[in-house]
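# Inside the fold
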There are 2 protein chains.
Amino acid sequence: MATQILPSVDNRHRKDFGPTTCPERLLLGPGPSNADPVVLKALSQSPIGHLDPFYVDLMSEVQELLRYVWQTDNRLTLPMSGTGSAAMEATLANVVEPGDKVLIAIKGYFGHRLADMAGRYKANVFSIQKDWGQAFSLDEIEEALKEYRPAVFAIVHAETSTGVCQPMNGIGDLCRKYDCLLLVDTVTSLGAVPLYLDEWKIDLAYSCSQKGLSCPPGLGPFTMNERAEDKMNKRKGKVPNWYLDVSLLNKYWGSDRVYHHTAPVNMNFGIREALRLLAEEGLDSSWSRHKNNSQLLWDGLENIGLELHVKKDLRLPTLTTVKIPKGVDGKAFTKYLLDNYGIEVGVGLGDLSGKVWRIGLMGYNSNSKNVHKILDIFKTELPKFRV
Amino acid sequence: MATQILPSVDNRHRKDFGPTTCPERLLLGPGPSNADPVVLKALSQSPIGHLDPFYVDLMSEVQELLRYVWQTDNRLTLPMSGTGSAAMEATLANVVEPGDKVLIAIKGYFGHRLADMAGRYKANVFSIQKDWGQAFSLDEIEEALKEYRPAVFAIVHAETSTGVCQPMNGIGDLCRKYDCLLLVDTVTSLGAVPLYLDEWKIDLAYSCSQKGLSCPPGLGPFTMNERAEDKMNKRKGKVPNWYLDVSLLNKYWGSDRVYHHTAPVNMNFGIREALRLLAEEGLDSSWSRHKNNSQLLWDGLENIGLELHVKKDLRLPTLTTVKIPKGVDGKAFTKYLLDNYGIEVGVGLGDLSGKVWRIGLMGYNSNSKNVHKILDIFKTELPKFRV
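Residues numbered from 1 in each chain as written. Chains lettered and ligands numbered in written order. Predicted model: local features only at pLDDT ≥ 70, side-chain atom pairs only at ≥ 80, totals over all residues.

### Quick notes on the overall build of chain A
Scanning chain A from N- to C-terminus turns up twelve helices and 14 strands. With respect to the principal axes defined by its C-alpha atoms, chain A has extents near 65 × 65 × 45 Å. Within the span of chain A, comprising 387 residues, buried residues form 59% of the whole. (Helix = DSSP H or I, 4+ residues; strand = E, 2+ residues; numbered from the N terminus. Buried ≥ 20, exposed ≤ 12 C-beta atoms within 10 Å, placed from the backbone.)

### Description of the relation of the copies chain B and chain A
Taken as rigid bodies, chain B and chain A are interconverted by a rotation of 180° and an axial shift of 0.0 Å, the fit giving an RMSD of 0.0 Å. With respect to symmetry, the two chain copies, as superposed, fit the operation of a two-fold axis. Interface residue correspondence from chain B to chain A reaches 100%, placing this contact among same-surface, isologous pairings. (Least-squares fit on C-alpha atoms with pLDDT ≥ 70 in both. Contact = placed C-beta atoms within 7 Å.)

### Regarding the domain arrangement of chain A
Residue and element names in this part refer to chain A. The domain architecture assigned to chain A consists of domain 1 (26-32 + 283-385) and domain 2 (37-279). Every contact between the two is made by 26 residues of domain 1 and, on the other side, 26 residues of domain 2. Ranked by the residues each element gives to the side of domain 1 that touches domain 2, the list is headed by helix α10 (residues 283-303), at four residues. Partitioned by chemical class, the residues of the side of domain 1 that touches domain 2 number 13 nonpolar, ten polar and three charged. (Domains from an automatic or database assignment. Nonpolar A, V, L, I, M, F, W, Y, C, P; charged D, E, K, R; others polar.)

### Focus: the interface of chain B and chain A
Contact residues are listed per partner, giving 80 residues for chain B and 80 residues for chain A. When residues of the side of chain B that touches chain A are traced back to their parent elements, those giving at least two are α1 (37-43), α2 (53-70), α3 (84-95), α4 (109-120), α9 (265-281) and α10 (283-303) of chain B. A total of eight residues in the side of chain B that touches chain A trace back to one element, the largest contributor, which is α9 of chain B. When the residues that make up the side of chain B that touches chain A are grouped by side-chain class, the tally is 38 nonpolar, 21 polar and 21 charged.

### Looking at the sheet that holds strand β11 (residues 319-323) of chain A
What the three strands build is an open sheet, ordered β11-β14-β13 (chain A); its pairing is antiparallel. The open sheet is flanked by β11 and β13 (346-347) of chain A, the only strands paired with a single partner. (Pairing = 2+ DSSP bridges.)

### Observations concerning helix α11 (residues 330-341) of chain A
Residue and element names in this part refer to chain A. With twelve residues, α11 should reach 16 Å at 1.5 Å per residue; the first-to-last C-alpha distance of 16 Å fits that figure. Elements that come into contact with the buried residues of α11 comprise β12 (343-344), β13, β14 (356-360) and α12 (368-385). Two residues or fewer past α11, G342 is found with a positive phi of approximately 65°. (Expected span 1.5 Å × (residues − 1).)

### Here's the deal with the sheet that holds strand β2 (residues 76-80) of chain B
All names here are of chain B. Across the sheet, which stays open at both edges, the seven strands sit in the order β2-β10-β9-β8-β5-β3-β4 with mixed pairing between neighbours. The open sheet has two edge strands with one neighbour each: β2 and β4 (124-129). On average, each strand axis in the sheet is tilted by 15° relative to the strand beside it, whichever way the strands run. As defined by bridge partners, strand β3 (residues 101-106) adjoins strand β5 (residues 152-156) across four bridges and the pair is classed as parallel. From the neighbouring strand, L103 faces β5, where its bridge partner is F153. (Axes fitted to C-alpha atoms, helices over the stretch in contact; angles between N-to-C directions.)

### A short note on the pairing of strand β5 (residues 152-156) of chain A
By the criterion of burial, β5 of chain A is predominantly enclosed, with five of the five residues buried. Neither face of β5 of chain A is exposed, since V152, A154 and V156 of chain A on one face and F153 and I155 of chain A on the opposite face are all buried.

### A look at unusual backbone geometry
Excluding glycine, residues mostly have negative phi values, and the peptide bonds linking residues are mostly trans. Residue P32 of chain A is bonded to the preceding G31 of chain A through a cis peptide linkage, with omega at 5°. If you trace the backbone, P32 of chain A turns up in the loop between β1 (26-27) and α1 (37-43). With phi around 65°, K122 of chain A is a residue other than glycine that occupies positive phi space. Along the polypeptide, K122 of chain A turns up in the loop between α4 (109-120) and β4 (124-129). Phi is positive for R149 of chain B, which is not a glycine, with a value near 45°. By the element assignment, R149 of chain B lies in the loop between α5 (138-148) and β5.

### Focus: the pairing of strand β2 (residues 76-80) of chain A
Residues and elements named next belong to chain A. Across the five residues that make up β2, a large majority, five, are buried. Here β2 pairs with strand β10 (residues 220-224) via five bridges, running antiparallel. Bridging across to β10, T77 finds its partner in T223.

### What about the nonpolar core?
Residues A118, F153 and L275 of chain A together with A118, F153 and L275 of chain B are the most contacted members of the largest nonpolar core, which totals 252 residues. Beyond its immediate sequence surroundings of up to four residues, F153 of chain A is in contact with L103, L145, C175, C180, L182 and L183 of chain A. (Core = buried A, V, L, I, M, F, W, Y, C linked by C-beta atoms within 7 Å.)

### Describing α4 of chain B
All names here are of chain B. For α4, built from twelve residues, the straight-helix expectation of 16 Å at 1.5 Å per residue is met to within 8% by its first-to-last C-alpha distance of 17 Å. Among the residues of α4, those classed as buried are Y109, F110, G111, R113, L114, M117, A118 and R120. Considering only its buried residues, α4 is in contact with α3, β3, β4, β5, β6 (158-159) and β8 (181-185). Remark: K122 follows α4 within two positions and exhibits a positive phi of approximately 65°.

### Quick look at the packing of α10 of chain B against helix α12 (residues 368-385) of chain B
Residue and element names in this part refer to chain B. Contact geometry for α10 and α12: axes closest at 9 Å, N-to-C directions at 15°. On the basis of the axis angle, α10 is roughly parallel to α12. In this structure, α10 crosses over α12, and the sense of that crossing is right-handed. From α10, N293, L296, L297 and G300 reach across to α12, where they touch S368, V371 and L375. (Parallel < 35°, antiparallel > 145°, perpendicular 65-115°, else oblique. Left-handed = near helix turned anticlockwise from the far one by under 90°.)

Laid out in structure tokens, this is it:
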């Protein structure tokens, strides 16, 4: 190095940007939601080593609290070092072998994503589909399981793109009857909507950190039971994804503590604190809080003459889809809310693009103050956008 | 929902853990390194939406500053939403097609990992190997390229497991001559060790956030040039990894801003601030600082009679491997440092397990105060461990 003559440094990309100061936002869209300030404080501690004894204990605590919020005893319960989408991919990557039949129940954007991912792992992908805003009945699911006899059946519990909460009772029994794994997306339900992983006989699930858990985005809670583990252990080759390979991750998160990758330690400080606060509040209390605040929102929206997209018994407490009234430019309205109030409300995705707004009340943000605020703004501002 | 009778919540995993308060550590191991407190402050701001106009601007700024620290014009330069290992996998996942010959120059732990990953993408993997602590000569590389004629040649610039800095001059020309892509691991060099991506004709590279950049772990800087992009675009099928698929990520990070996954926004606040501080200091200054402090460390260690594992002209300024003196229990000593001083020093990995300590001086931690501190402690404490 000493003898090497170095070229001069090129400064064309050396931009003089100011300090990273973000605007204050109230995030009432499909996510991320605002994080609890206590979580942000925990997150901002100085990093420690990923094999530090303190960190190793913290990992076990995160796992244990994830078991609580998921209501599962699964040993293999851990946050993937990526966002919810990474955890989503991990569920498929670890159990799907080339040629496996994977049946996806598609009723929104994230069902389509599951199908895309499963195809990349060379699954033989089949789907049943419903309009965006509907849920599947047990009969529809049984019929499809009988027809396709898949190795894995995947369904979204809480569809963020439609605001539908899929009733889960009985699906696990059907999957056992037809001998397939049940894989469930709980991204917009974990911590906020009743969810009983073991009771519902769910074999694989994933979620995110930035919704019901009140933590910033960046970690993807993941869990698999012994049935799923059995399938993984019988694979012919390695998991075709190194980063998300649970057989390797298990050596780091399990008792061996073998180095796999340098963990995102600060994000794990955050999720540990977020889960701790949730355990302190209690799952039942959090579920009730979300239920009550969404009820307040639904009543308020209907009182000002707005129509909700999903029928009442299928509505998600975390994410409400509101029909955009005829003649209103939905996007112009959400831009106005962001520019003038610093409030984020989501627009529609995919089939619902241009048709609905998506209002989220998740985790830390699910409180009556926020409900009244957004209702008041809709009341006073929306008339300006009607033609 | 209203009519459903819910099972009661199982509280067995509802543990009453205390607040998330981490011990203060001085991280002088192989990484993570301590983050700049200014970066930690930026990181802890309230999250904003991943499609918020402010965030979209921030993304472009992060990309531009990454181009500066890598000294590249590559359009496809972005932080993967995972740790350095995710970015490592992304380089292979995007360009390797089944049956492609991939040649890995292995001279430490991370070369082996590249080989493992490439195999998962069904590459035909070949390797050349050197002892841990050595570097490859141009002749050795040319001979191997001639013999194997690979589609991709991968090498680690800064081997964190050995403390070797691979001389890069001429390797890019050889890869062009033998018509293969040059893939380089810059995990322990980016921002801290002279590195000229375009000048050195590197086609694909990856790094991490927690070393030379002084940010916590959690993001994996990634870059590919047009030669690599061409290979990706000619793929027969989809990239077999959804989360790391650059053709999809490009639609989010590029001008389209199409939603891919919910970005880890807080980590991106952090890396933006970290890169801004580095641009403010200037790459040349940071490189000199690392060089000077490592020189101070090397001299000091030799003065107290310790031997360094790597010969001087191949030593990395960021990571120094120190031979554990005969009779000293290396692990007991690092445990003592952590327990009594809150200082983390690394032990050896793989072939160097039990043989060396690894002392890191990276990013925010590369300063003379830390060098004097660790030297003083070695001076006073190490004799207690000698038999």
